[in-house]
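The chain contents come next:
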Amino acid sequence: MNTEVVKGQKADLTKGNPGIRSVTVEIGWKAPSSMDIDASAFLLGAQGKVNSDDDLIFYNNPSTPYIKYKDVPGTASGGLKQFEVSLDKIPANIMKIAFTLTLYDGENRKQMFGQMSEAECRVLDQATGSQILRCNLGNQFSVETAVVVGELYRYGEEWKFSAIVAGFSGGLKALCGNYGIEVEDEPAPSSAAKQPGKATPPPERPPLQVPPPRTEPSRPNIVIPPPPAPAPPKQEAAPAPALNLNLKKIELKKKGDSINLKKSASGLGELLINLNWNQKQGGGLFSRNKGGVDLDLACLYELKNGSKGVVQALGNAFGNLQQPPYIMLDGDDRTGSVTSGENLRINGSKVAQIERILVFAFIYKGVTNWSEADGVVTLKQDGGPDIIVNLDEHNNRKGMCAIALIRNVDNETFSIERLVQYFSGHKEMDEAYGWGLRWVAGSK
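Residues numbered from 1 in each chain as written. Predicted model: local features only at pLDDT ≥ 70, side-chain atom pairs only at ≥ 80, totals over all residues. Heavy atoms only, no water.

Some thoughts on helix α2 (residues 171-178)
Helical geometry: 3.6 residues make up each α-helical turn, so side chains three or four residues apart lie on a common side. Counted only if it meets this: To sort residues, take the accessible area from a 1.4 Å probe on protein chains only and compare it with the maximum for the residue type: under 20% means buried, over 50% means exposed, and anything in between is partly exposed. Runs of H or I in DSSP of at least four residues are treated as helices and runs of E of at least two as strands, each being numbered from the N terminus. Contact criterion: two residues are considered in contact whenever any of their non-hydrogen atoms come within 4.5 Å of each other.
Of all eight residues in α2, seven are buried, a share of seventy percent or more. The complete set of buried residues in α2 reads Gly 171, Leu 172, Ala 174, Leu 175, Cys 176, Gly 177 and Asn 178. Turning to α2, the residues buried within the fold contact β4 (37-44), β5 (56-57), β8 (96-103), α1 (106-109), β11 (146-155) and β12 (158-168). Once α2 finishes, Gly 180 follows within two positions and takes phi at roughly 95°, a positive value.

As structure tokens, then:
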């Protein structure tokens, strides 16, 4: 049995392969040689958290009696990591194994998983070496420094595989926090080069100091600074225009403000829409800890052929960049320590196939309080200024905000219009903008 799975898909592992006791989970990729990519496995209990610090399998804790990490030497342009898993020896309190990739010191080195290519995950029968299933990670990432590739999980007496393929910021430290491990800060890395082909960390890369997990790990207080104030107008100038312009960005300040994206001979290229906001520390409003808020970025779309739908983490409708709808959500951030927010990506080369896109955000759970979120949405385009929409108008009684409407212009570019209008839910917003979809309750 050889199965191909894609993002969001689940597949049987042992049910269709009777007799399998041990598997090898193999993750490979191509990337610039300067990128230091690590693989880790988190052994998780029923609550999705580790039971002890030994349940993180990585370069500094490479094995247990039932799982072993292997760093397979590769070429300068690629990497290969393996985990040998003895399914029949895994303790009953381990319900799931999450396999991840992280960039060492990615933020400081200005590196991201958008620079990685040809990444894939394979599950092999360890006894025969034959492939059981394969997941092509594809062109799924941009600014992330951590990736949850997939999960092996119990389903009754069987084991299954779930293709997560979700990217996050914050590297290994953020993933550890998400799975119940608090990692102490490491000393600044030295300039010495990492030696290839070694499973253990080089001298400048000290072992992670991993204390016992806490029920509610502390989170940094991340504050998103407001955009620079516009320069005061000259006395002799006419009344200030609606748009605040400078060489690098354009702010849509009032409802109805709009602008067309810059066209070029090579086309629009990829568009990145980023949502960021003020995340409170501890159990505050925008902490992802107990009692925190999960703020999600999403969009409704309508294509030229009349098809309509939604791209959002709710229901695992992450979209696709190379196939309809040509829009993709990078990942649903639940780590609580992410500074880069959430991202939607639009394939600008498919502008002629897209009629309109409604960008919105909603509070999946927690107390509705937009006034403390200090949210900002930034659309980035190659060769053009950033388009900025600040969520500076608030309605704390409603949990969904329509942020911007993107429309096709002569099949050559898009116009961006500021909305910042609040609704009680998907159905009310759909009716306001005439999408005509049917809505049912969903979950992540």
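Moving on from the model shown.
Section: the pattern of salt bridges
It is possible for side chains of opposite charge to pair when their charged atoms get near one another. In plain terms, the rule: The salt bridge definition used is simple: a Lys or Arg side-chain nitrogen within 4 Å of an Asp or Glu carboxyl oxygen.
The final tally for this structure, using the stated rule, is 18 salt bridges. For the salt bridge of Lys 70 with Glu 84, the shortest nitrogen-to-oxygen distance reads 3.5 Å. Taken together, the residues Lys 70 in strand β6 (residues 67-72) and Glu 84 in strand β7 (residues 78-86) connect sequence positions 14 residues apart. Salt-bridge contacts for Lys 96 lead to Glu 151; the nearest nitrogen and oxygen are separated by 3.6 Å. Of the two residues, Lys 96 is situated in strand β8 and Glu 151 in strand β11; the sequence distance between them amounts to 55 residues. Look at the salt bridges and you will find they share partners, linking Glu 4, Glu 120 and Arg 134 into a network.

Comments concerning the packing of aromatic side chains
The condition is simple: Aromatic pairing here means that ring centres of Phe, Tyr or Trp (its six-membered ring) are within 6.5 Å. Orientation follows from the plane angle: under 30 degrees is stacked, over 60 is edge-to-face, and everything else is tilted. A ring has a charge above it when a Lys NZ or an Arg CZ is no more than 6 Å from the ring centre and no more than 35 degrees off the ring normal.
As enumerated under the stated definition, the model contains seven aromatic pairs in all. With a centroid separation of 4.5 Å and 40° between ring planes, the pair formed by Phe 42 and Tyr 179 is classed as tilted. You can see Phe 42 sitting in strand β4 and its partner Tyr 179 sitting in the loop between α2 and β13 (243-245), a full 137 residues away along the chain. Looking at Phe 42, the relative accessible area reads 0%, which means it is buried. When the centroid spacing of 5.9 Å and the interplanar angle of 75° are considered together, the rings of Phe 423 and Tyr 433 count as edge-to-face. One end of the pair, Phe 423, is in strand β26 (residues 413-423); the other, Tyr 433, is in helix α3 (residues 426-433), and ten residues separate them in sequence. A cation over a ring is seen here: Arg 356 above Trp 435, with NZ or CZ 3.6 Å from the ring centre.

Here's the deal with the confidence of the model for the chain
Definition in use: Every residue carries a pLDDT, the predictor's confidence in it, which falls somewhere between 0 and 100.
Residues with a pLDDT of 70 or more make up 76% of the chain, whose mean pLDDT is 79. Low pLDDT, under 50, characterises residues 281-292; the predicted model gives this stretch 42 contacts beyond four residues in sequence or across chains.

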